[in-house]
Amino acid sequence: MRSIVTGGAGFIGSHLTELLLEQGDEVVALDDLSTGRLENLNRAVRHPHFIFVEGDIRDTALVDRVVDGADRVFHLAAAVGVRIIVDHPLESLRTNIHGTESVLEACRRHSVALLLASTSEIYGKNTADALSEDADRILGSPLKSRWTYAAAKGIDEAFAHAYWQQFDLPVTIVRLFNTVGPRQTGRYGMVVPNLVGQALRGEPLTVYGDGRQTRCFSYVHDIVPAMVRLQEEPRSVGRAFNLGGSFEVSILDLAERIVQLLDSPSRIELVPYERAYGPGYEDMRRRVPDNTLSRELVGFAPTTTLDEIIRAVAQDRASRMATQIGASGL
Ligand code: UDP
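Residues numbered from 1 in each chain as written. Predicted model: local features only at pLDDT ≥ 70, side-chain atom pairs only at ≥ 80, totals over all residues. Heavy atoms only, no water.

**Here's the deal with the pattern of salt bridges**
Following the criterion strictly, the structure yields 26 salt bridges and no others. Ionic pairing is found between Glu18 and Arg183, a salt bridge with its closest N-O pair at 2.7 Å. Taken as a pair, Glu18 in helix α1 (residues 11-22) and Arg183 in the loop between β7 (179-180) and α6 (191-201) lie far apart in primary sequence, 165 residues in all. With a relative accessible area of 10%, Glu18 lands in the buried category. Ionic contacts of the salt-bridge type, sharing partners, join the residues Asp64, Glu105, Arg108 and Arg109 into one network. (Salt bridge = Lys/Arg side-chain N within 4 Å of Asp/Glu carboxyl O. Helix = DSSP H or I, 4+ residues; strand = E, 2+ residues; numbered from the N terminus. Buried < 20%, exposed > 50% of the residue type's maximum accessible area, 1.4 Å probe, protein only.)

**Structural notes on the nonpolar core**
Counting 31 residues, the largest nonpolar core has Ile12, Leu16, Phe74, Leu176, Met227 and Leu243 as the members making the most contacts within it. The set of elements that each furnish at least two residues to this core consists of α1, β2 (26-31), β5 (113-119), β6 (171-176), α7 (220-232), β11 (239-243) and α10 (292-298). For this core, the element with the most residues is α7, which contributes seven residues. Those residues within four positions of Ile12 in sequence are excluded, and the remaining contacts are Leu76, Leu176, Thr179, Val220, Val224 and Met227. Listed in part, the 25 residues of the second largest apolar core include Ile4, Cys107, Val171 and Ala240. (Core = buried A, V, L, I, M, F, W, Y, C linked by side-chain atoms within 4.5 Å. Contact = heavy atoms within 4.5 Å.)

**So, the side chain of Thr100**
Here Thr100 shows up in helix α4 (residues 89-110). For Thr100, a relative accessible area of 2% puts it in the buried group. Here the side chain of Thr100 touches Asn96 through a polar contact of 2.8 Å, landing on its backbone oxygen. Among residues more than four places away in sequence, those in contact with Thr100 are Ile57, His75, Thr95, Leu116 and Asp156. (Polar contact = N/O pair within 3.5 Å; in protein donor to acceptor, adjacent residues only side chain to side chain.)

**Description of the sheet that holds β6**
Pairing is parallel across the open sheet formed by seven strands, whose spatial order is β3-β2-β1-β4-β5-β6-β11. The strands lining the two open edges of the sheet, one partner per strand, are β3 (50-54) and β11. Geometrically, the sheet is characterised by an average inter-axis angle of 20° between neighbouring strands, direction not taken into account. (Pairing = 2+ DSSP bridges. Axes fitted to C-alpha atoms, helices over the stretch in contact; angles between N-to-C directions.)

**Some remarks on the pairing of strand β4 (residues 72-75)**
Alternating positions in β4 separate into two faces, Arg72 and Phe74 on one and Val73 and His75 on the other, with burial throughout. Taken together, the four bridges between strand β1 (residues 2-6) and β4 define a ladder with parallel strand orientation. Across the sheet, residue Thr6 finds its bridge partner in β4, namely His75. Here four bridges tie β4 to β5, and the two strands are oriented parallel to one another. Bridging across to β5, His75 finds its partner in Leu116.

**Points about the confidence of the model for the protein**
Of all residues in the protein, 98% have pLDDT values of 70 or greater, and the mean over the chain is 95. Taken together, the chains of this predicted complex give a pTM of 0.96 and an interface ipTM of 0.98. (pLDDT = per-residue confidence, 0-100.)

**A short note on the layout of surface pockets**
By volume, the second largest pocket amounts to about 320 Å³. If you go around the second largest pocket, you meet 14 residues; those closest to its centre are Glu39, Arg43, Arg183, Asp316 and Arg320. Among the secondary structure elements, those contributing two or more residues to the lining of the second largest pocket are α1 and α11 (306-323). It is α11 that provides the largest number of residues to the lining of the second largest pocket, a total of four residues. Taken together, the residues of the lining of the second largest pocket break down into two nonpolar, six polar and six charged. (1 Å grid on protein atoms, 1.4 Å probe; cavity = no way out; pocket = protein on both sides within 12 Å on 5 of 7 lines; lining within 4 Å. Points joined across faces, edges and corners; volume = space filled by probe spheres on them. Nonpolar A, V, L, I, M, F, W, Y, C, P; charged D, E, K, R; others polar.)

**Comments concerning the site of the ligand**
Around the ligand, 16 residues are found, and the nearest of them are Asn194, Thr206, Tyr208, Arg215 and Asp283. A distance of 2.8 Å separates an oxygen atom of the ligand from a polar backbone atom of Val191. Taken by itself the ligand offers 510 Å² of open surface, and the protein chains cover 94% of this. Top element by residues in the shell around the ligand is strand β8 (residues 205-208). It accounts for three residues. Partitioned by chemical class, the residues of the shell around the ligand number seven nonpolar, five polar and four charged. (Near = heavy atom within 4 Å. Areas by Shrake-Rupley, 256 points an atom, 1.4 Å probe, with all protein chains shown as cover.)

Here is the structure:
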């Protein structure tokens, strides 16, 4: 089985690459290294069935060559992270829309099945008790760059679905809810590595807004196997599946737990959104997945607790700090 992982040098992509190699696949990781890091692939590069290709998913000729002869594509490459979305909305739009179309088109030409990594962001400001896959999208103004990611990923899903509908391309969509774990960087905004890095350095933990917004964090080693199982399940074709954690926590409680668990001298500082992300920033107040579909189809049942996630991220951050890898972006 030859699998392609776009975004293979990224946080989730590198864990997925390792799992596929362990399963016996030959894996080609395609990444432009804009946010991905080669050191994430330190384990994979030692494997005889691993190939790394550096390149942009908007390069249609390159993507076509990479996809030719493959059995399946896991499409994870994306401009992601609130920092990038807010500061570089064009990257968010171009990479996420044009890049995905280029990958889909190559899959169509070579009849290769595709799993699209989408996001809980597409639900926008919907604060339902549990967001099922058919929940309404409530997005803010398209003139606020904050919404470019949610808008682009929504178009990606529509594109993928249309390729399935019109060309019978086997496409499966997963919507990831705040996936966390080793190798994730805090550089682009992601809250857990950011707060853990601050706690380890003894700096104030920056909690944006009133800190009462909630998320359901999930551990990368719970999510990645479910992505593979969904891709391999024929009944997933043409459908979308939530993959998220089952425990809802406010960001303020998260920060307090991090300080406590890591025995950190840091204090917690409430930072107005405006100071963090500029004027007019709108946050999602709440984001809770309904995982029923993925549980029923492939037995998805995340088991890693928030404490275990925090400890794993802290261990990873601490070892990076020790070896000075990416020290500025902890
Ligand atoms: N957040 C925070 N401090 C930080 C980074 C993020 O309070 O240093 C908040 C952010 O405003 C949001 C939540 O944590 O309410 C999750 O942010 P993240 O960027 O990780 O993910 P997303 O907003 O996509 O859920």
